[in-house]
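Listed below, chain by chain, are the residues.
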Amino acid sequence: MLVEVVFQYRTLMGKCELGVGLDWDEIEQVTAIESAFEPTSDDRRMKTGRRFRREPVKLSALLRGDRINDRVEVVEIGPGGVVVRNAPFVAHGEHVEIVVEAGDRSFRFGAEGVWLKDDGDDYRVGLALIGMPVCLHTVAVSRHETDLVDRIGAAA
């Protein structure tokens with residue numbers, strides 16, 4: 001899954017930023033991921049010269065930040081960042097968190113607003129991934145029984 005590859009890359013880069021360093025196998029992983037996301041000639045022609053290519057995807061995610069807690073659709077993802085649609089206003093430089101649920105895991109990426117475009121009633125937002133991501137594993141100790149909270153969420 002593409003989210004797992006981006007998670008792995010961001011984790012390895014986070015280790016470098018912390019000064020921990022990488023072993024030889026991890027260096028090979030970084031090299032393989034970077035070569036798999038090598039930018040196209042169109043990406044290189046951009047003013048900023050994008051470092052990585054983004055892949056088109058269709059993922060549901062939660063965008064969280066200061067007064068933001070909205071469901072968005074991730075339409076592009078790469079080691080350097082993501083593009084989301086149906087998003088609220090995210091200012092340039094604003095820090096947010098993107099939460100992607102995949103099976104029993106929850107991937108949480110720190111991000112920073114880079115660009116914003118009108119997209120109907122909402123916005124299409126470009127976010128640069130920053131820092132080290134977190135992966136949470138969900139484990140059910142016992143079988144869940146439907147309660148009032150579940151009914152409220154289903155009604156919304």
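What counts and what doesn't
- Residues numbered from 1 in each chain as written.
- Predicted model: local features only at pLDDT ≥ 70, side-chain atom pairs only at ≥ 80, totals over all residues.
- Heavy atoms only, no water.
- Helix = DSSP H or I, 4+ residues; strand = E, 2+ residues; numbered from the N terminus.
- Buried < 20%, exposed > 50% of the residue type's maximum accessible area, 1.4 Å probe, protein only.
- Contact = heavy atoms within 4.5 Å.
- Pairing = 2+ DSSP bridges.
- Patch = residues over 30% accessible without salt bridge, like charges linked within 9 Å, V, L, I, M, F, W, Y side chains within 5 Å.
- Areas by Shrake-Rupley, 256 points an atom, 1.4 Å probe, with all protein chains shown as cover.
- Salt bridge = Lys/Arg side-chain N within 4 Å of Asp/Glu carboxyl O.
- Expected span 1.5 Å × (residues − 1).

Colleague: Would you mind showing me how to read the environment of Gly-126 here?
Modeller: With respect to the helices, strands and loops of the structure, Gly-126 is situated in strand 6 (residues 122-137). Residue Gly-126 is classed as buried on the basis of its relative accessible area of 3%. Linking Gly-126 and Gly-81, residues 45 residues apart in sequence, is a C-alpha distance of 7.4 Å. Ignoring sequence-local partners within four residues, the contact set of Gly-126 consists of Val-82, Glu-112, Gly-113, Val-114 and Trp-115.

Colleague: Which parts of the structure should I look at to understand the pairing of strand 6?
Modeller: When a strand is regular, its side chains alternate between the sheet's two faces. By the bridge criterion, five bridges tie strand 3 (residues 81-87) to strand 6 in an arrangement that is antiparallel. Paired with Gly-81 across the strands is Ala-128, a residue of strand 6. In this structure, strand 5 (residues 105-119) lies alongside strand 6, joined through 13 bridges in antiparallel fashion. Bridge pairing in strand 6 links Gly-110 to Ile-130.

Colleague: Would you explain a nonpolar patch on the surface in this entry?
Modeller: A cluster of nonpolar side chains, Leu-18, Val-20 and Met-132, forms an exposed patch at the surface whose accessible area comes to about 310 Å². Relative to the assigned elements, Val-20 resides in the loop between helix 1 (2-18) and helix 2 (24-36).

Colleague: Would you take a moment to explain helix 1 for this structure?
Modeller: What sets the pattern is the α-helix's 3.6 residues per turn: residues three or four places apart point alike. Spanning 17 residues, helix 1 covers 24 Å between terminal C-alpha atoms, matching the ideal 24 Å at 1.5 Å per step. Among the residues of helix 1, those classed as buried are Val-3, Val-6, Phe-7, Tyr-9, Arg-10, Thr-11, Leu-12, Met-13 and Gly-14. Phi turns positive, to about 85 degrees, at Gly-19, one or two residues after helix 1.

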